[in-house]
There are 4 protein chains.
Amino acid sequence: MKDVQSEQDTRNVPIDRVGISGISWPIQVLDRESGFQDTVAEVSLSVALPKDYRGTHMSRFIEVLAAQERRVTLANMEGLLSMLCERQKADESHAEFEFPYFITKAAPVSALKGRLRYDVRFDSSLIRGKFDVVTELTAPIQTLCPCSKEISDFGAHNQRAHAVIAVRMNAMVWVEELAEIADMCASAPIYSILKREDEKAVTERAYTNPRFVEDCVRELALKLDKEDRIDWFRVSVTSHESIHNHDAFASVERSKR
Amino acid sequence: MKDVQSEQDTRNVPIDRVGISGISWPIQVLDRESGFQDTVAEVSLSVALPKDYRGTHMSRFIEVLAAQERRVTLANMEGLLSMLCERQKADESHAEFEFPYFITKAAPVSALKGRLRYDVRFDSSLIRGKFDVVTELTAPIQTLCPCSKEISDFGAHNQRAHAVIAVRMNAMVWVEELAEIADMCASAPIYSILKREDEKAVTERAYTNPRFVEDCVRELALKLDKEDRIDWFRVSVTSHESIHNHDAFASVERSKR
Amino acid sequence: MKDVQSEQDTRNVPIDRVGISGISWPIQVLDRESGFQDTVAEVSLSVALPKDYRGTHMSRFIEVLAAQERRVTLANMEGLLSMLCERQKADESHAEFEFPYFITKAAPVSALKGRLRYDVRFDSSLIRGKFDVVTELTAPIQTLCPCSKEISDFGAHNQRAHAVIAVRMNAMVWVEELAEIADMCASAPIYSILKREDEKAVTERAYTNPRFVEDCVRELALKLDKEDRIDWFRVSVTSHESIHNHDAFASVERSKR
Amino acid sequence: MKDVQSEQDTRNVPIDRVGISGISWPIQVLDRESGFQDTVAEVSLSVALPKDYRGTHMSRFIEVLAAQERRVTLANMEGLLSMLCERQKADESHAEFEFPYFITKAAPVSALKGRLRYDVRFDSSLIRGKFDVVTELTAPIQTLCPCSKEISDFGAHNQRAHAVIAVRMNAMVWVEELAEIADMCASAPIYSILKREDEKAVTERAYTNPRFVEDCVRELALKLDKEDRIDWFRVSVTSHESIHNHDAFASVERSKR
């Protein structure tokens, strides 16, 4: 049976990335509390294709994915990328995994525990033997507007917001740690279960701790700057303004090297 | 050239709806202030197919759509549905149009004007000559939690919410009127431009006017109940809780006939 | 601490549904092959609220959800709905769970196994003691156009499509069985891993088995009609036409009672 | 009334971007055939914020947007960015507009005309006086698999795909021209209205013109490379494989300077 993909190509155009995207796959990821957590990822896998080959063999991407036995961690990501390079005879490979991740949080007064959904993304590459991975956490938080509080006789507009923290590490930082940093930089954390005594505490905490998105990203930048296990970060906070039908956002990127 | 769709079908299964969906189309709709407004709709058109025919001619749906000269109003919807029945030799047709619609609102103190996006949907049918259309408005509003205000020493959590108002009319009701009803039933309206004096006014209005989603839908139901031009309504309010990563919602449906 | 939700309401408007939506939650569902499968659901829970109460206690919905110990099956759905009625003092409750579900399929020639993502939805209610649940499977399939094949000298346009099969059962029907029915009614099934010999088989099967969306829903209707464990069904097929930027769809609903 | 945003900030963290996102706004864009086209854009506007200021005034973004009188073109983008810098006292501003854009195409045989939806995005910045804009077109096309055609006795799998063409220009290139380039690089173009004679032509064209995503991006790269009005491009093609539930993609980026 003819192998069309392996035909020689004479157009002289190397391809930066060729692969598969939009594939949904059940995976297990590391969980600081319980060892492993089952989730469902959206996956993209690709390689660089030299100018001489007409195509790549798409089924091999799925075979490499299936060979992981569902476990996807920062520790085995380099192995997956190596296998992609080897199976596709490429000197550059990329892998992206994006998945919901649940962290159990205790309410501030009742201490009732509930799972809260975060979103995590690993964006990794192996380029001529050099491995790189960016870990990104999207965390739901609350912001309360300092201007609205200052100028109003009572009340202050507040809203759900999202902090996105992307980091390159030189030593393990748990996503649970990034989630805690997100909470510290917000007007108040967000929870899945709150009884009335908790709701009172969260409401008052937000009101006594007003933050613009500008404040939130600055606080995030200061915290990540001090953390020696992190070499590079990019943070953004997007606030779903309760008085508007649009969002406010701010972002900061910094490399320490 | 053979007409496969017109072949006789012997499986004895009439089809409730067959047609096209997910088609994007530029349209003009009625605007209370300026006569007409240009927008882009997502459209679905379908007919009932009797058991004896194998298929329908999908290109005719687009031809009927193109024949509208872009103008889509409650007034010409019945004509479009008639043309669908005629072209497809069907005794039942359906048409759905969903599109962004902008209403210019003045800020409460500065009176600065800004466009605010709403979403409108027409869901219409012509069944053996009987015409029906539901007009649905999705309006962004603000809710402020009565419980949070009551139990907290200061502040109250509030958030962006969405009211969805679907109605069957016996006389023209403008979507601008439905938008005004949505604003009246919320803790506070939402605007695109607010200067500081406006932000103070909106913050204080929300704080003095706390509303659960339950309160909002009840107020909506009372207002729509009193409106003689409306024969049937279904309302819901979904509040993007600022202290949670999930939403609270409530809905009421009522027919007056 | 005052209980605002429990205040008496004098507006005389009963609320059809009040609850939470858009909550993401890790669950375990039944898997025909391996007993249980871990996945992540989007959940909505609600109750009817009598006219006399101002509000419902939203945190109780999460408490009932958390009490399930993550296991969500057709068998324990009625218990969850009962618990909702009891905790919220309501005579009507609703629960919706929507989640990705993976079925391992063997390629038609190489027999290589790969996981394929489906989407499942349980839409259930308990109304004055009467339990009802609709199970809905969204299955990716392939359609190949009979008209295009007939009129063209060679080739035929084909595309990814989705079958949606919703059923009410009187005895257990596995979603794996519904997925098999979807495959039988398509031009060809869809797989995650296909080697070249498989790709040849799938391409030829689709070409020898051309189906309009109208054909697919009729075949689905005939198969479900014959299945005694199913009392009611609603099927639709939506084909992402490769020659257009819009979809073709057809739908049939039938109750056997 | 106190101006909290203008307070001095001592945290010593400059912010890369601060602004608004997710705002929907009606605009008019240039149309090669008819002069102007009305559409609805999703807009993001932002500026760099020096370390000394606590916040930016979010309402000014909307005021600058409202001042454009709805007309958004490559020609007036620099003026908009200048006004943003001036109003926000910033030395760097960014503006993104993403909107549906309709091109009227004639079917290949019947010559019937129908509108086809494309998506366009302007991503622009003014950094210390230096203006830059990337124009990006997302075009629906059809791909037919060369491998499937070669190895199968009859037929070949084909599917809807999307080409994304992003360019930096030194002289005006119409998005209509980019759409024509996308069509030339595909197995076949896509249309909104096709009568049977057209469907035959499109089916046969795709079958005689099989293309991997790798082929498509190489053809795109060759065409854009030869075009002197284009200084830089990034192209990708994503094919919604009809035999899988995932996509295949390829991308190439190249600067000619």
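Refer to the structure presented above.
Residues numbered from 1 in each chain as written. Chains lettered and ligands numbered in written order. Predicted model: local features only at pLDDT ≥ 70, side-chain atom pairs only at ≥ 80, totals over all residues. Heavy atoms only, no water.

Asker: Describe helix α5 (residues 196-207) of chain A, listing the residues and the values that go with them.
Answerer: Between its first and last C-alpha atoms α5 of chain A spans 17 Å; for twelve residues at 1.5 Å apiece the expected length is 16 Å, and the two agree. Every buried residue of α5 of chain A is listed here: Asp-198, Glu-199, Lys-200, Val-202, Thr-203, Glu-204, Ala-206 and Tyr-207 of chain A. Contacts made by the buried residues of α5 of chain A are with β5 (130-144) and α3 (146-151) of chain A together with α3 (146-151) of chain B. (Helix = DSSP H or I, 4+ residues; strand = E, 2+ residues; numbered from the N terminus. Expected span 1.5 Å × (residues − 1). Buried < 20%, exposed > 50% of the residue type's maximum accessible area, 1.4 Å probe, protein only. Contact = heavy atoms within 4.5 Å.)

Asker: Could you give an account of the relation of the copies chain C and chain B, with specific residues and numbers?
Answerer: In screw terms, the move from chain C to chain B is a rotation of 180 degrees and a rise of 0.0 Å along the axis, fitting with an RMSD of 0.0 Å. Interpreted geometrically, this transformation is the action of a two-fold axis. (Least-squares fit on C-alpha atoms with pLDDT ≥ 70 in both.)

Asker: Lay out the pattern of salt bridges with the relevant residues and their values.
Answerer: One pass over the full model with this rule turns up 120 salt bridges over all chains. For Glu-96 of chain A, the salt bridge identified is with Arg-17 of chain A, shortest N-O distance 3.7 Å. On the criterion of sequence distance, the pair formed by Glu-96 of chain A in strand β3 (residues 92-106) and Arg-17 of chain A in strand β1 (residues 15-31) is long-range, its members being 79 residues apart. In this structure, Glu-33 of chain D engages Arg-32 of chain D in a salt bridge whose closest nitrogen and oxygen atoms are separated by 3.4 Å. Glu-33 of chain D gets classed as exposed once you look at its relative accessible area, which sits at 64%. Taken together, the salt bridges that share partners define one network made up of Lys-2, Glu-7, Asp-9, Arg-11 and Arg-54 of chain A together with Glu-150, Asp-215, Arg-218 and Glu-219 of chain D. (Salt bridge = Lys/Arg side-chain N within 4 Å of Asp/Glu carboxyl O.)

Asker: Lay out the interface of chain A and chain D with the relevant residues and their values.
Answerer: Every contact between the two is made by 53 residues of chain A and, on the other side, 53 residues of chain D. In this assembly, chain A packs against chain D so that about 4000 Å² is buried in total across both faces, 57% of it on carbon and sulfur atoms. Per-residue buried area on chain A facing chain D is highest for Arg-11, Arg-218 and Phe-249 of chain A; these three make up 19% of the total on that side. The shortest N-O distance in the salt bridge between Arg-11 of chain A and Asp-215 of chain D comes to 2.5 Å. Across the contact surface, chain A and chain D share 30 residue pairs in polar contact (both at pLDDT 80 or more). If you list the elements that add at least two residues to the side of chain A that touches chain D, you get β1, β2 (35-49), α1 (58-66), α3, α6 (213-226) and β8 (247-255) of chain A. Residue contributions to the side of chain A that touches chain D peak at nine residues, all from β1 of chain A. Its residues assigned to classes, the side of chain A that touches chain D comprises 27 nonpolar, twelve polar and 14 charged. The pairing of β1 of chain A with strand β8 (residues 247-255) of chain D spans five bridges and is classified as antiparallel. Bridged to Ser-21 of chain A within β8 of chain D is Asp-247 of chain D. (Buried area = accessible area lost by both parts, 1.4 Å probe. Polar contact = N/O pair within 3.5 Å; in protein donor to acceptor, adjacent residues only side chain to side chain. Nonpolar A, V, L, I, M, F, W, Y, C, P; charged D, E, K, R; others polar. Pairing = 2+ DSSP bridges.)

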